[in-house]
Amino acid sequence: MQIKQLSVFLENRQGRLSAPCAALADAGINILTLTLADTERFGILRLIVRDVEKAKSVLERCGFVVKLTEVLAIEVEDRPGGLGNLLSTLETARVNIEYMYAFTAHNAGKAVMIFRFSDTAKAIDSLAAAGIPVLKAADLYERSGGLNSAASKIDQR
Amino acid sequence: MTPWNDHNGTVHPATAMDFLPAGLLRALQLQRLRATVERAYSRVELIRSRMDAAGVEPADLRSIDDVRRLPFMVKTDLRDTYPYGLFASPMSDVVRLHASSGTTGKPIVVGYTQQDMETWKNVLVRTLAAAGMHRGDILQNAFGYGLFTGGLGLHYGAEALGAAVIPISGGNTERQIMVMRDFGVTAFCCTPTYFVHLIEAAARMGVDIKTLPLRLGIFGAEPWTDQMRAFIEREAGIRAFDIFGLTEIIGPGVGAECQCQNGIHIFEDHFLAEILDPETGEPLPDGEEGELVLTTLSKEAMPILRFRTHDLTRILPGPCPCGRSLLRIARISRRTDDMLIIRGVNVFPSQIEVALLKVEHTLPHYQIVLRRERDLDEMEILVEVTPEAFSDSVGEVQRLQARLCAAVESTIGIRAHIRLVEPQTLERSAGKARRVKDLRNATPPCKSNSSPSSLKTARAV
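**Quick word on the domain arrangement of chain A**
All names here are of chain A.
Here is step 1 of the chain: The domain architecture assigned to chain A consists of domain 1 (3-69 + 144-153) and domain 2 (70-143).
Here is step 2 of the chain: Listed per partner, the contact involves 12 residues of domain 1 and 15 residues of domain 2.
Here is step 3 of the chain: At 4 residues, strand E2 (residues 31-38) tops the list of elements feeding residues into the side of domain 1 that touches domain 2.

**Some words on the interface of chain A and chain B**
Here is step 1 of the chain: Counting from both sides, the interface comprises 17 residues of chain A and, opposite them, 16 residues of chain B.
Here is step 2 of the chain: Going through the elements one at a time, strand E1 (3-11), strand E3 (42-49) and strand E4 (66-77) of chain A are the ones with two or more residues in the side of chain A that touches chain B.
Here is step 3 of the chain: Tallied by class, residues from the side of chain A that touches chain B come to 6 nonpolar, 4 polar and 7 charged.

**A short note on the pairing of strand E11 (residues 290-296) of chain B**
Residues and elements named next belong to chain B.
Here is step 1 of the chain: Burial analysis of E11 places 7 of its 7 residues in the buried class, the great majority of the element.
Here is step 2 of the chain: By the bridge criterion, 6 bridges tie strand E10 (residues 271-276) to E11 in an arrangement that is antiparallel. Residue pairing across strands places Glu274 opposite Val293, the latter belonging to E11.
Here is step 3 of the chain: With 4 bridges connecting them, E11 and strand E12 (residues 307-313) associate as antiparallel partners. Paired with Leu294 across the strands is Phe307, a residue of E12.

**Digging into the packing of helix H6 (residues 173-182) of chain B against helix H7 (residues 192-204) of chain B**
When two helices pack together, their arrangement is captured by the angle between the axes and the distance separating the axes.
Residues and elements named next belong to chain B.
Here is step 1 of the chain: Running from amino to carboxyl end, H6 crosses H7 at an angle of 80°, the nearest separation of the two axes being 10 Å. Between H6 and H7, the angle is such that the two are roughly perpendicular. The residues of H7 that touch H6, namely those facing Thr173, Gln176 and Ile177, are His197, Leu198, Ala201 and Ala202.
Here is step 2 of the chain: Taken together, the residues of the contact of H6 with H7 sort by class into 4 nonpolar, 3 polar and no charged.

**Focus on the sheet that holds strand E8 (residues 251-257) of chain B**
Where strands meet in a sheet, backbone hydrogen bonds hold them as pairs that are either parallel or antiparallel.
Residue and element names in this part refer to chain B.
Here is step 1 of the chain: In spatial order, the strands read E4-E3-E5-E6-E7-E8-E9-E13; together these 8 strands make up an open sheet with mixed pairing. Every interior strand has two partners, whereas the edge strands, strand E4 (164-166) and strand E13 (328-329), have only one.
Here is step 2 of the chain: Judged from the 3 bridges that link them, E8 and strand E9 (residues 264-266) form a sheet pairing that is antiparallel. When the bridges of E9 are listed, Ala256 appears paired with His265.

**Some thoughts on the confidence of the model for chain A**
Here is step 1 of the chain: Here chain A averages 84 in pLDDT, and 89% of its residues register 70 or above.
Here is step 2 of the chain: When the criterion is pLDDT under 50, residues 146-157 of chain A qualifies, and its contacts beyond four places in sequence or with other chains add up to 25 contacts.

**Quick look at the domain arrangement of chain B**
Residues and elements named next belong to chain B.
Here is step 1 of the chain: Domain boundaries in chain B define domain 1 (13-23 + 86-334) and domain 2 (340-449).
Here is step 2 of the chain: Measuring from the centre of the C-alpha atoms in domain 1 to the corresponding centre in domain 2 gives 28 Å.
Here is step 3 of the chain: Counting residues at the interface gives 19 residues for domain 1 and 12 residues for domain 2.
Here is step 4 of the chain: Listed by contribution, the elements that provide at least two residues to the side of domain 1 that touches domain 2 are H7 and helix H8 (226-236).

What counts, and at which threshold
Residues numbered from 1 in each chain as written. Chains lettered and ligands numbered in written order. Predicted model: local features only at pLDDT ≥ 70, side-chain atom pairs only at ≥ 80, totals over all residues. Domains from an automatic or database assignment. Contact = placed C-beta atoms within 7 Å. Helix = DSSP H or I, 4+ residues; strand = E, 2+ residues; numbered from the N terminus. Nonpolar A, V, L, I, M, F, W, Y, C, P; charged D, E, K, R; others polar. Buried ≥ 20, exposed ≤ 12 C-beta atoms within 10 Å, placed from the backbone. Pairing = 2+ DSSP bridges. Axes fitted to C-alpha atoms, helices over the stretch in contact; angles between N-to-C directions. Parallel < 35°, antiparallel > 145°, perpendicular 65-115°, else oblique. pLDDT = per-residue confidence, 0-100.

This is the structure:
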């Protein structure tokens with residue numbers, strides 16, 4: 001049920017974002033989605049790919065510090081208030097969200113959000129109780145065509 | 001009980017001099033001091049003119065304490081007499097020349113006679129034996145071969161000990177690890193910084209140093225701390241020994257740690273050590289920290305009298321449990337010319353290393369950058385992030401920064417900016433680590449930074 005996300009430490013300086021993307025592209029690894037958390041001094045690039053272990057070793061060979069984190073992919077209605085419903089369910093269950101970001105693939109009126117919870121097990125239980133489906137890794141990968149072309153278009157920071 | 005018999009009874013006979021009774025040692029020192037000063041006075045112009053100016057003659061040396069009547073020598077004396085001005089032997093008696101790397105200006109040149117080579121081998125055999133090395137060991141010598149004294153010095157010492165030497169020299173990290181694994185290496189020597197680099201590189205290559213036959217490391221050529229030792233010993237599963245030497249005196253082999261790993265024994269039959277107040281040049285009582293000043297007692301080609309090492313240390317009290325009668329000094333982790341004066345506070349890079357290593361999961365790869373902004377010194381410390389310390393959460397990484405910052409502030413009393421950097425971005429060298437980048441000289445000096453101390457601030461690198 002959990003999906004493995006790659007987190008990569010980046011220094012906040014020009015050109016640092018392109019290096020991991022290029023390394024993955026060279027290894028033929030498709031980035032399904034990504035988000036960048038940045039501060040004044042450093043950034044954390046979070047990535048979802050199919051072959052997580054291969055991507056991790058590719059990045060580590062290039063000298064990056066990489067961490068694997070378990071996240072959940074949750075489908076929400078792609079309409080006003082779709083996300084709000086989900087968030088209020090989580091709030092009622094007192095589940096804390098560390099961060100979240102949108103998945104790019106769309107599927108017939110549904111959007112997919114990636115969530116990192118402080119207590120993943122508790123989140124799974126609460127979502128199940130509320131009847132909100134959590135996507136399996138295979139389902140998620142099936143919906144995605146990949147993002148490498150998009151990543152290469154991101155301006156160098 | 002034979003306390004020195006600490007490695008399977010395979011003590012090299014050269015080690016006997018480490019256990020000379022104190023009375024005999026002092027008598028030997030005085031005899032050799034007189035001969036050295038006589039030789040230097042009669043053959044080296046700079047030494048003769050300085051002694052004449054100080055009104056002291058070789059015959060004035062009646063006891064070891066009379067060494068204090070001799071004038072000091074400093075590093076610039078070696079530069080000023082470049083290349084052979086301090087030689088006391090004709091070139092026909094010199095069999096080896098070495099030189100310091102000399103990052104600024106001219107290098108310094110040192111020479112050795114055949115007898116000096118024997119002396120050098122002798123002190124290095126004793127250095128390696130003190131760390132527990134013996135015949136049958138396989139030593140991977142990753143100190144640089146060439147003009148630098150480290151590589152060839154240890155090479156000849158290890159051969160004389162009876163160990164098998166792999167003269168791999170510095171650099172080419174992947175090959176170093178392959179050789180370490182495939183050749184069944186049991187002992188390794190290089191700078192501590194380079195060994196830390198090897199530990200990381202081995203992990204990336206999927207080699208666990210802990211499972212290899214490697215059992216000890218001989219590290220030197222740069223100041224390091226007990227915290228760094230603990231890191232190396234833990235991560236590589238070896239024992240790490242500190243060695244001490246200076247190109248000007250002989251190269252490696254001036255002193256070495258024994259199995260007790262508590263201070264450096266100076267090979268006093270060849271080198272006379274004094275601890276002096278770095279500002280007044282007056283002797284300090286045993287146990288007080290001061291500048292180490294060394295005199296060679298048996299060097300022929302280039303006798304050096306009362307050399308100001310800039311190394312700060314103190315004499316450790318009491319006999320060492322290993323039984324050696326040799327003087328023991330605290331391991332050297334700072335130098336008078338390492339000292340940074342930041343907002344009027346004296347700071348040594350080794351203090352920052354100690355502070356950073358207090359925080360869990362950090363690696364000792366760091367660089368101190370000093371700038372002057374609006375007449376105020378600003379210190380930034382670049383620290384490489386490790387997989388263990390890294391988190392996917394911004395808050396966690398910021399907390400790591402804050403912990404590092406607090407550790408530094410509580411140690412030196414100055415707030416520094418901590419900047420986490422990607423792994424492998426700080427300069428690695430097979431030689432000495434460059435820990436400090438002082439960019440303050442780019443702007444005119446300001447009054448508030450001048451210090452009453454005569455100690456020099458760190459050179460810009």
